[in-house]
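# Per-entry structural report
Read off the chains here:
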Amino acid sequence: MHEAQPQGALIQARYTILDVLGQGGSGLTYRAEDTVTGRSVALKELSLKGLSDWKKLELFEREALVLKSLDHPAIPQYIDYFQVDTADKIGRASCRERV
């Protein structure tokens, strides 16, 4: 498992990490704030560092596409999908409205 982004980290020059909501075998979900809109969002991150099963990346990307296509008041709105590259981390992230 990779290390979490530090509290206060700014991702994509837009999302400020507030804390970790949960973690799985190859990723983390953060509570973050969208600095452009002020909305509370959930950022889901998949680390590619040491990823041995590329099926996880395929499923992560598919999940982002499905979420983007959904439009229902009971489902958090999909906002963004992007790649994050740092000195010690390469990964993908998706962003959803947090309710």
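Everything below is about the structure printed above this text.
No experiment lies behind these values; they were computed from the predicted model shown.

Right, let's get into the side chain of Asp34. Looking at the secondary structure, you find Asp34 in strand β3 (residues 27-34). A polar atom in the side chain of Asp34 sits 2.9 Å from the backbone nitrogen of Val36. In this structure Asp34 touches Arg14, Tyr15, Arg39 and Val41, once residues within four positions along its chain are discounted.

Oppositely charged side chains can form a pair if their charged atoms are brought close together. Following the criterion strictly, the structure yields five salt bridges and no others. Note that Lys55 is salt-bridged to Glu58, the shortest N-O span being 3.4 Å. Of this pair, Lys55 and Glu58 both sit in helix α1 (residues 55-69), separated by three residues, roughly a single helical turn. By relative accessible area, Glu58 is classed as partly exposed at 37%. Members of the salt-bridge network, linked through shared partners, are Lys55, Glu58 and Arg62.

Within the element layout of this structure, Ser26 appears in the loop between β2 (15-23) and β3. Note: C-alpha distance between Ser26 and Lys56 (30 residues apart in sequence) is 8.3 Å.

On the secondary structure map, Gln5 appears in the segment before β1 (10-11). Within the structure, Gln5 has its side chain in polar contact with the side chain of Glu45 (distance 3.2 Å).

The rules behind these values
Residues numbered from 1 in each chain as written. Predicted model: local features only at pLDDT ≥ 70, side-chain atom pairs only at ≥ 80, totals over all residues. Heavy atoms only, no water. Helix = DSSP H or I, 4+ residues; strand = E, 2+ residues; numbered from the N terminus. Polar contact = N/O pair within 3.5 Å; in protein donor to acceptor, adjacent residues only side chain to side chain. Contact = heavy atoms within 4.5 Å. Salt bridge = Lys/Arg side-chain N within 4 Å of Asp/Glu carboxyl O. Buried < 20%, exposed > 50% of the residue type's maximum accessible area, 1.4 Å probe, protein only.

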